Amino acid sequence: MTAAPVLQVEDLSVRFRTRGGEIAAVSGVSFAVRPGETLAVVGESGSGKSVTSLALMRLLPPGAAVTVTGRVGLRGKDGRMLDVLTLPEPEMRGVRGDAIAMVFQEPMTSLNPVKPVGEQIAEAIRLHRGLDRRAATEEVVRLLDLVGIPAPRQRLASYPHHLSGGMRQRVMIAMALSCEPAVLIADEPTTALDVTIQAQILDLLRRLQERTGMAVVFITHNLGVVAEIADRVMVMYGGRVVEQADVRPLFARPLMPYTVGLLRSVPRLDLAGRRAGPLPAIPGNVPDPLHMPEGCGFHPRCGDHVAGLCDARLPELESAGEARLVRCVRWRELTP
Amino acid sequence: MSAAAPAAAPTAGLRVLERFRRHRLAMFGAVTIATLTLACFLGPFLLPFDDTYIDIMQRFAAPFGGAHILGTDELGRDMLARILMGGRVSLLVGFVAMAIGMAVGILVGAVAGYYGGLVGTALMRFVDAVLCFPAIFLLLALAALVEPGLTSITLLIAATAWMDVARIVEGQIRSLRERDFAVAAEVLGATDRYIILRELVPNAVAPIVVAATLNVARAILLESYVSFLGYGIQPPVPSWGNMLNNAQIYLTSAPWLAILPGIAITLAVTSFNFLGDGLRDALDPRMDGR
Amino acid sequence: MTERPILEVRDLRKWFPLGSSLFSRHRQQVKAVDGISFSMRRGEILSLVGESGSGKTTVGRTVLRLTAPTSGSITFDGQDITRLSRRQLRPLRRRMQLVFQDPFASLNPRMTVERIVSTPLIIHDEPGGIAARRAKVEAALQLVGLLPHHATRYPHELSGGQRQRVGIARALILRPDFLVADEPVSALDVSIQAQVVNLLLELKDLLGLTILFVAHDLAVVGHISDRIAVMYLGRLVEVAETRVLFARPRHPYTEALLSAAPIPDPTVERQRIILAGDIPSPIDPPPGCAFSTRCRYATEACRAAVPPLREVAPGHLSACIRDDIALQAPRHGALTAPSKETCRCRLRSTGYRVTIACPRPSTSSSSAPASSASAPPTNW
């Protein structure tokens, strides 16, 4: 019935050793994404959402300061499941950009400033698909057209700084799509863009996904964007998954107090101009990864926490109905 | 990073000290400079020999062999006393030249960086022009025209030592000026002088301090060169440079005459470099706990 | 009869010359702000909305006279400040302040919070010794919800929300009556944005501030502002009261902007207007209506002349010549009735933490009187 996952993450943990102590950036994250599905990973700074995405691409700096454990299974182009975390680096290089590709928040830092964009995309294509120069150039034109860049042939010789932010993000997406990846990881791809341009890019991603059937892991902090693009949502806080659900049930009936608070703290457009009292804000600060609170990481900011219970030990990520997970010891009492 | 701990935070000064103390080489540099300075300025009062006292009977006494711990030179003058007195001159020239160079450099750099435009361009092109002359030739040319002496040598070295500081400060101020906190001060109605001195220059302190310590080292070296070439501090007043000059002809027969001032120069120069390194880290509050 | 506006801007232009070559005679100009007029009542929050390149930030900075306008006039509380020198502006700086977008960049990293917040007192030679100054700093920190021990911290030791509170404390310590808030929440984490929005609204009431709020996030703007002015390529295209603007936009750009705002409700049927292309260059703006290149309603007449900003309804200004079109109001979701729990919420700043008292329907036997943000949002 439903297709097998193309990306299966089990118990992924990432730890950093810093001078101030060890940081558990990501702890025990598990999820699966199927072809054509979009998983939104929602979180704030320090939630571990970006570290998770880098770990999936194996782009975390290698060395003794970083420890990655768990399993990341990725379906390769030949249908085999690859174990991303143990793959030798030369093979991983072949997988990166081919079976799994990534789009970053700030395209300017991920594009080479001294090379025409056409050449940069063509390079990726020739590397992974073995096309000759002429065929690769034709392919670039096709891709630029696909991502909605007007007059693509003239754009081949443009340098990144000639392009607007939206255009640069399109180039990044074209580059990511060049090898028809099974999984696209988009790390806040619209955060640096204006709303009208954001709407363009989200629309583009949705259309491309329909065409190619790729799976998308969309990392964002914007709940509006989540509602627009996601099929499933994974909410992260302090390096852990705190809630996972399909998008409609999550917005209709959030279970974890953090998700509830996040949803309520966003001003509602339909109440614009009414100023119906202050926004129901979540108090306190985003926790410092070096000093994570005991027990549930959210308890110091949670209005429903119970002393001796929430601060005593870490709640399990438990099942809360079909395809729903929540990490809160009190979710049953708190949800009517 | 830490925001939650409400424990009383130590004062800014204490934290700078704490960070500095973690830096071993810098501590070595600081201790060496302190010792050297103390020894040079107090030591001569405690020694039994005067640095200019000539004892023909004791010429070329080897170190560690008799009453003269570090031996004597070709006129039988005590080497320890001469090294210490020479150190006085070298360190004094180094510090004072650095201070003058810094003051001029910061002023020129800050004005050029803050105001930019025609004034900034003109000032910085002038700096570039002066930088085109190799310092040592400039110094020798000037020294040939002026009566050599402590004051004139110090001023001359300072005159060749402000340009790099001006460049560093200009670059720093130019980029800091655009930062929001400088704008914030402007919204508050601060004067240019306030913004430059109270907001911007403190943020450029790290490179300035590093440049300052390197400049002391450089000034000591320059003084040595010039004195070595005979245009600097004139005998009988000893300086590390003119002691080296003096030692050339006895290099094989009495090598300690060259080795001792050589060690003194090396020790002083490397210590200042280490000190600069340590200060750069210590003065940056962002280095805490990283 | 009517109260004198606290700020009145007439036909303001700010052009920046492009390139700094000494010898080129005909310099190109970036027309960042190209002839805008508006005025602000005392105590109101006017939001300036637009995308990057619209010139909204430049308006904020020029109104504060951080740069000199190319032409036009700025009148602050009856005084023409258009051509005042920096020295002449100094006394006015006590009354007009700025809150920055990036709370980290706007705080001097070498200074402690105490030193940063006391900077205005030092610059304006406030009377009183160190003790008096310290007391004022402490009061200002308390006002923005920080604790006295934060005074000894450096900016990098604080969280983003705390840094922004420090920036607000610095702006308010001299008790100004006019504040420009330049994207004050867009660099903050989502869960912190609401705190700072609440703080600004609370302080506005407490201190009687007038706020020019520069932003691009329509949800925040819709919540905070009394009136909204929409900018496009250096000009105002629409000005209206918040509720009116959201319910019935009269300019096609506003319509597109509102429709592009993502709505946190997956059940809403979206009628999105996807604008083609990018905002044109302010060096060489299109002739006539600057938005005509991306507007789905544009006609030949739109490109003929720059449409003036005119009153289309009482208090509602729009710069579109097409009166014959019916613009779509944004869909916000099926449920438009305000959530009851939300309305009853009251905010009290209790020192450092902001507690939200939110009485729940007494179905559960919860004994906590101030259990905050617990009821699920049934009205999403």
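Residues numbered from 1 in each chain as written. Chains lettered and ligands numbered in written order. Predicted model: local features only at pLDDT ≥ 70, side-chain atom pairs only at ≥ 80, totals over all residues. Heavy atoms only, no water.

**A closer look at the overall build of chain B**
(1) Moving on: Each helix and strand in chain B was counted, giving twelve helices and zero strands.
(2) Moving on: Ordered by position from the N terminus, the helices and strands of chain B form the series α-α-α-α-α-α-α-α-α-α-α-α.
(3) Moving on: Judged by the C-alpha coordinates and their principal axes, chain B covers about 75 × 50 × 30 Å.
(4) Moving on: Split into buried and exposed, the 290 residues of chain B put 48% on the buried side.
(5) Moving on: Just so you have it, chain B exposes about 13600 Å², and 70% of that area is on carbon and sulfur atoms.
(6) Moving on: Here chain B carries 20 positive and 21 negative side-chain charges, and the mean point of each set is 6 Å from the other. (Helix = DSSP H or I, 4+ residues; strand = E, 2+ residues; numbered from the N terminus. Buried < 20%, exposed > 50% of the residue type's maximum accessible area, 1.4 Å probe, protein only. Areas by Shrake-Rupley, 256 points an atom, 1.4 Å probe, with all protein chains shown as cover. Lys, Arg positive; Asp, Glu negative; His and termini not counted. Charge placed at Lys NZ, Arg CZ, Asp CG, Glu CD.)

**Topic: the pattern of salt bridges**
Residue and element names in this part refer to chain A.
(1) Moving on: Per the stated rule, a full pass over the model turns up 43 salt bridges over all chains.
(2) Moving on: The partner of R153 in a salt bridge is E138, with the nearest N and O atoms 3.2 Å apart. Of the two residues, R153 sits in helix α6 (residues 152–155) while E138 sits in helix α5 (residues 133–146), which places them 15 residues apart along the sequence.
(3) Moving on: For E138, a relative accessible area of 40% translates into the label partly exposed. (Salt bridge = Lys/Arg side-chain N within 4 Å of Asp/Glu carboxyl O.)

**Describing unusual backbone geometry**
(1) Moving on: Even without being glycine, E188(A) reaches a positive phi, approximately 50°.
(2) Moving on: Mapped onto the elements, E188(A) comes out in the loop between β7 (183–187) and α8 (195–212).
(3) Moving on: You can call E188(A) buried: its relative accessible area is 6%.
(4) Moving on: Of note in the backbone geometry, L233(C) takes a positive phi value of approximately 50° without being a glycine.

**Here we look at the UniProt feature "domain: ABC transmembrane type-1" (unreviewed entry) in chain B**
(1) Moving on: Per the UniProt record, "domain: ABC transmembrane type-1" (unreviewed entry) is annotated on residues 87–276 of chain B.
(2) Moving on: Counting secondary structure, residues 87–276 of chain B comes out at 79% helix and 0% strand; the distance between its end C-alpha atoms is 20 Å. (UniProt positions renumbered as here; feature names shortened; annotations may be inferred.)

**Considerations on the sheet that holds strand β9 (residues 232–237) of chain A**
Residues and elements named next belong to chain A.
(1) Moving on: Pairing in this open sheet of eight strands is mixed, and the strands run β6-β7-β8-β3-β9-β10-β12-β11 from one edge to the other. The open sheet terminates on both sides in strands that have one partner only, identified here as β6 (100–103) and β11 (318–319).
(2) Moving on: Bridge count between strand β3 (residues 38–42) and β9: four bridges; the pairing is parallel. The residue bridging L39 from the neighbouring strand is R232, located in β9.
(3) Moving on: Packed onto the sheet, helix α11 (residues 257–265) meets β3, β9 and β10 (240–246) and runs at close to 105° relative to β9. (Pairing = 2+ DSSP bridges. Contact = heavy atoms within 4.5 Å. Axes fitted to C-alpha atoms, helices over the stretch in contact; angles between N-to-C directions.)

**Focus: the UniProt feature "transmembrane region" (unreviewed entry) in chain B**
Residues and elements named next belong to chain B.
(1) Moving on: Here the UniProt feature "transmembrane region" (unreviewed entry) sits at residues 25–47, 89–114, 126–146, 152–169, 204–233 and 253–276.
(2) Moving on: Annotation note: span residues 204–233, helix share 80%, strand share 0%, distance between end C-alpha atoms 34 Å.
(3) Moving on: For the annotated span residues 253–276, helix accounts for 88% and strand for 0% of the residues, and the straight-line distance between the end C-alpha atoms is 38 Å.

**A short note on the pairing of strand β9 (residues 227–232) of chain C**
Residue and element names in this part refer to chain C.
(1) Moving on: In terms of burial, β9 is largely enclosed, as six of its six residues are buried.
(2) Moving on: The alternating pattern of β9 places R227, A229 and M231 and I228, V230 and Y232 on opposite faces, both of which are buried.
(3) Moving on: One ladder, built from four bridges, connects strand β3 (residues 45–49) with β9; its direction is parallel. Bridge assignment links L46 to a residue of β9, and that residue is R227.
(4) Moving on: Relative to strand β10 (residues 235–241), β9 is paired through six bridges, and the arrangement is antiparallel. Counterpart to V230 in the pairing with β10 is E238.
(5) Moving on: Hairpin connection, β9 to β10: the antiparallel pair is bridged by two residues, and L233 has positive phi, about 50°.

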